[in-house]
Amino acid sequence: MSYDNENIFAKILRSEIPCDKIYEDEYILSFKDINPQAKTHVLIIPKDKYIDIADFLQNANAQYKTNFWASVNTIIDSLSLRDKGFQIKTHKGKDGGQEVFHFHLHLLSNS
Ligand code: AMP
């Protein structure tokens, strides 16, 4: 499977469709999930093109991975979730329930 430039998150990254942005830096974009499954439900996506977490783990370089996770850490603090608690989920592939084929983390919390 190759990366589809017309997936919805690619369009959000190109600002072709809007999102409810909560954080952005050089490496990632984070925005509210359009169909929230918890009081806080945000998506965190790398700006580079990775289909899913397996693609990201296999093909992103060490520096990009480090910066990606540092940005995730920043978002956890910006939403004041460090002490309150949260879930991080990701879907990989059709059998893993993935619907949008641009790697993303779901960050969920009841606070
Ligand atoms: P999945 O690929 O299974 O991790 O699910 C994709 C997620 O993206 C779902 O939770 C959707 O509600 C969410 N989603 C789809 N389109 C948008 C959009 N335009 N803006 C924000 N979230 C979206």
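A brief look at the structure comes next. What you see is a predicted model; the values in this text were computed from it and never measured.

### Overview of the packing of aromatic side chains
- Within this structure, the stated rule accounts for 9 aromatic pairs.
- Arranged with centres 5.4 Å apart and planes meeting at 85 degrees, the rings of Y50 and F56 form a pair that is edge-to-face.
- Taking the relative accessible area as the measure of exposure, F56 reaches 0% and is therefore buried.
- Judged by centre distance (4.9 Å) and plane angle (55 degrees), the rings of F56 and F68 are tilted. On the criterion of sequence distance, the pair formed by F56 in helix α2 (residues 53-59) and F68 in helix α3 (residues 62-78) is long-range, its members being 12 residues apart. Like F68, F56 is buried.
- Following the ring pairs from residue to residue traces out a cluster consisting of Y27, Y50, F56, Y64, F68, W69 and F103.

Thresholds applied
Residues numbered from 1 in each chain as written. Predicted model: local features only at pLDDT ≥ 70, side-chain atom pairs only at ≥ 80, totals over all residues. Heavy atoms only, no water. Phe/Tyr/Trp six-rings, centres within 6.5 Å; stacked < 30°, edge-to-face > 60°. Buried < 20%, exposed > 50% of the residue type's maximum accessible area, 1.4 Å probe, protein only. Helix = DSSP H or I, 4+ residues; strand = E, 2+ residues; numbered from the N terminus.

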